[in-house]
Structures are given as structure tokens and as C-alpha cells.
Amino acid sequence: MQLSREVIAKIYTTKELNDLLYQIAKIGESARTNLAEVNPGVPEVLKELGIEGNREPPEEDLAKKLKNLKDFLVKLPKARLEFAFEPNEEFIRKISRLLNVGRSDHLVLEITVKRDLLAGATIEFMGNFRDYSYASILDQVVKEKVKGAFS
Amino acid sequence: MDTLQILLIGSIFLNLIVLLLLFSLYQTQRNLADLTPFLRRILKLRNRVVGKEKKVLSEALEESKDTVEETLEELKSVEDVGEQMRQELNAKAEALVRDTISKDSEVFQNIINTITESYKKEFENLAQVQNSEFGKVVAGAKSSIQLEIGRLREELIKATIEERGKVNQELSSYKEKVKNDLDQKIFLVVSDVARETIEQSVDTGKHEELVLKALERAKNERFL
């Protein structure tokens, strides 16, 4: 599957990834229908694959392309991030770019909001977990203070 | 001489003997017949003697009766004498018996004394043996008891130490639990206050800054 980095870079989070997979599934179901009717805003990634407008490529060719694309997207590495606030699109793009700098593959982010973290972030990647939240720092500080006060 | 001749001679000899016997028997019967008158006289004489005998007997009986009565009278006097004698004899017998008993009692007492002394000695010996054996047993038991007491003391000390250790451990656990509970409560209070303070003091820009800082740290640690 050959997709340009510019196209892939637009898949910031699992939200974009899931939308794309959904559209791929829809296209597969209505291969001979007007794609514009299925998804008027056909993503650029589909355009790159020659799937755009009301063009109807041969059925076998389309199915093969869609399957390859789906396999490629599903296998993209994902990192689960927890923030204590709701990030905006701009900030998401910013951190996506930051985390993908120097990577040969493309890291897709799965972002959830957890107020208990107070600030900072937790990261889960490839089965490993790191806690960079201020809640953990606060716990540690308060425990030490309380322990020191009563010992 | 053949057998037949011997038998013939024997038979003749036997017949002669029989004839002699028969003749002898005949002679005897004839003599008895001659004695009959004599026997009759003897019978008469005898009857006369019997009569006299009866008379003599009757007279003898009369005499005897008198004699018996006299004898009875004499016997009566003799009985009185006998009673007296009997009493004397009784008294003597009693005295004799008493004396004998007394003597026997002495002998018996002596025997009893001897036996008692013997038993006393035996008992004394037995008591000595018992004392000796008891002493041995006591000595043995004493050492055994001392060992047992020592063992029990050690067990008691060990059990006490173990129990004290357990109690101390439980006490420590309890103290630790109470302390942890207290720490947790204090921690929650302080943490809540701190959270509220941080939430109020951290704006979006600061959040973004802290997140970027965390992600950069992760990248630097080559976690991502």
C-alpha cells in the first residue's frame, strides 16, 4: 500500500482512523454506486487510491485496494493518551506531529479525558504504561509529607 | 498184665470194699437199735433233771430278786457317792483344762510374741528396703522431674517468646493499619484540597504545556 506521508499524517487520532475504516466499509458495500452519494466529502486518502467522485473502477480491483488499505490502517501503531483537559484540534495535530517526528511508521493517537489526572498525561504504548500526570506526583508528595509529619 | 485184667481185678476189689461198707452199716444200725432202751432212760432222767433245774432256777430267781433289790439299794448309795465324785472329777477336769489352757495360752502367747517379733523384724527390714527403694525411686524421679521441669520451662519460655512475637507482630500490624488508615484519610483530605487548588489554578494553556512536557519526556526516554 503506497500512501503519501501527507495523506497518512492527516490520520491524527483513532477518530479519523475509525471514520476512514467506516467509509472504506461503506464503499465496499456500494462499490458500483456513486461514491459521492455515499460520502460527499471523500477523504484524500481515497482520492489517492483513485476512488473519488462517481468513478466506478472494476469491482475486483476496488475490492483488492480497499482490503489492502484496511489492512494497512488497522496495523498502524496506536498510543493511548490520557489528559486532564479536553484538547482542541490544533493541539492534537501539534502533539501528533511531535510524536511522529523521526518515526518510519505513523502513530495514531487515542485520546481520552480523565480529570483525576489534574495535569500532565499518561501514556500506554505497546503494552507499556507511563504516568506523567500531576495526580501521581501529588500523591507521592502528599504521602511523603503525611508520612513525615506522623513518623 | 493187660489192661482188661487190671480192670477186672480193680472191679473185684472195689466190690469187696462196697460189701464191707454195707456190712459195717448194717452193724451200726443194729447197735443203735440196742441203745434205744438206754436212750429212753436217759430221756426220763433228763426230764427229771429238768424239773429239778426248774425248781432250782425258781429258787435261784427268788434269791436273785432279793439280791437285785439289795444291789439296787447299794447302787443308790453308790450313785450318791458317784455324784460327789463326779463333781470332784468335774472340778478337777475344769482345773486341768484351765491349767492346760493357761499353759497353752502362755505357749500360744509366746508363739504369738515370737511371730510378732519376727513379723516386726520382717516389716522393719521391709521398711528399710522400701525406704531404700523409695529413696532410689525418689532420686530417679527427682532428676527426671528436674529434667521435665527444665524442658517445660524451656518450652514455656519458647512459647512465651513466640506468643510475645506474635502479639508484637499483631500490634505492629494493627498500628501500621491504623497509621495507614489515618495516613489515607489525611492524604485524601490534603489531596482533595490540592486537586481543587490545582484545577482552579491550571488553565488550558498550562495543561497543554504540561502535556507537551510529559510527551517530550516520554520521547526522550524512548518510550514512544
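Residues numbered from 1 in each chain as written. Chains lettered and ligands numbered in written order. Predicted model: local features only at pLDDT ≥ 70, side-chain atom pairs only at ≥ 80, totals over all residues.

Peer 1: Got a minute to help me understand the overall build of chain B in this structure?
Peer 2: The secondary structure content of chain B amounts to two helices and zero strands. With 224 residues in all, chain B has 3% of them scored as buried. (Helix = DSSP H or I, 4+ residues; strand = E, 2+ residues; numbered from the N terminus. Buried ≥ 20, exposed ≤ 12 C-beta atoms within 10 Å, placed from the backbone.)

Peer 1: How should the sheet that holds strand β1 (residues 78–83) of chain A be read in this particular structure?
Peer 2: Sheet strands pair by backbone hydrogen bonding; their relative direction is either parallel or antiparallel. The sheet built from four strands is open, its strands ordered β2-β1-β3-β4 (chain A) with mixed pairing. Two strands bound the open sheet, and with one partner strand each, they are β2 (108–113) and β4 (128–133) of chain A. Each strand axis lies, on average, 15° off the axis of its neighbour in the sheet, ignoring direction. In terms of strand pairing, β1(A) meets β2(A) through six bridges, oriented parallel. Among the inter-strand pairings, A:F83 is bridged to a residue of β2(A), identified as A:V113. Running at roughly 35° to strand β3 (residues 120–125) of chain A, helix α2 (residues 204–220) of chain B makes contact with β1, β3 and β4 of chain A of the sheet. (Pairing = 2+ DSSP bridges. Axes fitted to C-alpha atoms, helices over the stretch in contact; angles between N-to-C directions. Contact = placed C-beta atoms within 7 Å.)

Peer 1: Any chance you could explain unusual backbone geometry here in plain terms?
Peer 2: Trans peptide bonds make up the majority, and among non-glycine residues the majority have a negative phi. Positive phi, close to 70°, is recorded for A:L118, a residue that is not glycine. Relative to the assigned elements, A:L118 resides in the loop between β2 and β3. For B:R222, which is not glycine, the phi dihedral falls at a positive 55°.

Peer 1: What is the right way to look at the packing of helix α6 (residues 89–100) of chain A against α2(B) in this model?
Peer 2: Packed helices, taken two at a time, are described by the angle their axes make and the gap between the axes. Axis separation between α6(A) and α2(B) bottoms out at 11 Å; the angle between their running directions is 15°. One finds that α6(A) runs roughly parallel with respect to α2(B). Note on packing geometry: the crossing formed by α6(A) with α2(B) is right-handed. From α6(A), A:F91, A:I95, A:L98 and A:L99 reach across to α2(B), where they touch B:E208, B:V211, B:L212 and B:L215. Here the residues of the contact of α6(A) with α2(B) are counted per class, giving seven nonpolar, no polar and one charged. (Parallel < 35°, antiparallel > 145°, perpendicular 65-115°, else oblique. Left-handed = near helix turned anticlockwise from the far one by under 90°. Nonpolar A, V, L, I, M, F, W, Y, C, P; charged D, E, K, R; others polar.)

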